[in-house]
Each structure stands twice: as structure tokens, then as C-alpha cells.
Amino acid sequence: FDLSRHVLPMALDIAPGESERSALQRMCGELAMTPLDPARPLWQFHLVPHYEGGSALIARVHHCIGDGIALISVMMSITDG
């Protein structure tokens, strides 16, 4: 098991005049448009440190792992609001 194949640290690129939340939402949109590498695991977690006094974790999971609503329920049960 190689953690670096599953959790990828990412710096939040905040444009001038942009809030942290807007920058994170933009990053999520960009990641959503990027396909997962089929040669790697069918999930990725992007760790964004120093976000609003803590950290943010963006989870990307291929749809073959679980359907949308059930997967959202699982993610919400293991994370903070």
C-alpha cells in the first residue's frame, strides 16, 4: 500500500480578491473535469492544508465504486460538516 497513490497534497491557489471558499470550489470544479488515471486506483483524495483554520479533503471516487447518493452518505458519515 502506497499512501502517495491515494492521498495527494495540493496547495490552494487563491486568485487576487478571491475567497478561500471560492478557490476551493474552483479547484473542485477543475478536478471534477479531470478523469481518474485508469492505471491507478479508482479513487483519489486531495488534501488541502491550511484551509479556514484546518484542512480540506476532496474525495474523488469512480462511479463504479458506489452510486452517487449512497457514496455521499458514506462520505458524510466519516467527515466533519
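For the structure, check the block above.
Residues numbered from 1 in each chain as written. Predicted model: local features only at pLDDT ≥ 70, side-chain atom pairs only at ≥ 80, totals over all residues. Heavy atoms only, no water.

Participant: Is there a simple way to think about helix α1 (residues 20–32) in this case?
Facilitator: An α-helix turns once every 3.6 residues. As a result, residues three or four positions apart point the same way. The terminal C-alpha atoms of α1, which comprises 13 residues, lie 18 Å apart, in line with the 18 Å expected from a rise of 1.5 Å per residue. Along α1, the positions that sit buried rather than exposed are Ala23, Leu24, Met27 and Leu31. Down the axis of α1, the smallest arc covering the buried residues is 100°, so these residues share one side. The exposed residues of α1 that point more than 90 degrees off its buried face are Gln25 and Ala32. Close packing links the buried residues of α1 with β2 (43–51) and β3 (54–61). (Helix = DSSP H or I, 4+ residues; strand = E, 2+ residues; numbered from the N terminus. Expected span 1.5 Å × (residues − 1). Buried < 20%, exposed > 50% of the residue type's maximum accessible area, 1.4 Å probe, protein only. Arc of directions from axis to C-beta. Contact = heavy atoms within 4.5 Å.)

Participant: Explain the sheet that holds β3 to me, please; I cannot follow it from the model alone.
Facilitator: The pairing of strands in a sheet happens through backbone hydrogen bonds and is either parallel or antiparallel. Taken in spatial order, the three strands make up an open sheet running β1-β2-β3, and their pairing is mixed. Whereas interior strands pair on both sides, the edge strands pair on one side only; in this sheet they are β1 (7–9) and β3. Shown here is a sheet whose adjacent strand axes are inclined to one another by a mean of 25°, direction ignored. Taken together, the three bridges between β1 and β2 define a ladder with parallel strand orientation. Across the sheet, leucine 8 pairs through a bridge with histidine 46, a residue of β2. α1 rests against β2 and β3 of the sheet, and its axis sits at about 165° to β2. (Pairing = 2+ DSSP bridges. Axes fitted to C-alpha atoms, helices over the stretch in contact; angles between N-to-C directions.)

Participant: Even after reading the chapter, I still don't get the pairing of β2, so can you show me in this structure?
Facilitator: Side-chain positions along a regular strand alternate between the two faces of the sheet. Handedness of the crossover is the feature at issue here: the chain leaves β1, passes through α1, returns alongside β2, and the resulting connection is right-handed. One ladder, built from eight bridges, connects β2 with β3; its direction is antiparallel. Of the residues in β3, the one forming a bridge with proline 49 is serine 55. Between β2 and β3, which follow one another and run antiparallel, lie two residues, and glutamate 52 among them has a positive phi close to 45°. (Right-handed = clockwise from strand over helix to strand, strands pointing away.)

Participant: How should I be thinking about the nonpolar core in this particular structure?
Facilitator: A general trend in soluble globular proteins is that nonpolar side chains are found buried together. Counting residues in each nonpolar core, the largest one holds nine residues, listed as Leu12, Ala23, Leu24, Met27, Leu31, Val48, Tyr51, Ala56 and Ile58. Of all the secondary structure elements, the ones that give two or more residues to this core are α1, β2 and β3. Here the element with the most residues in this core is α1; it accounts for four residues. Not counting residues within four places of it along the chain, the set of residues in contact with leucine 12 comprises Glu20, Ala23, Leu24, Met27, Val48 and Tyr51. (Core = buried A, V, L, I, M, F, W, Y, C linked by side-chain atoms within 4.5 Å.)

Participant: It is not clear to me how the side chain of glutamine 44 should be interpreted in this structure. Could you clarify?
Facilitator: If you trace the backbone, glutamine 44 turns up in strand β2. Exposure remark for glutamine 44: the relative accessible area of 15% places this residue in the buried category. Separated by 2.9 Å, the side chains of glutamine 44 and histidine 46 make a polar contact. Not counting the four nearest positions on each side in its chain, glutamine 44 is found in contact with His6, Leu8, Leu36, Ile58, Ala59 and Arg60. (Polar contact = N/O pair within 3.5 Å; in protein donor to acceptor, adjacent residues only side chain to side chain.)

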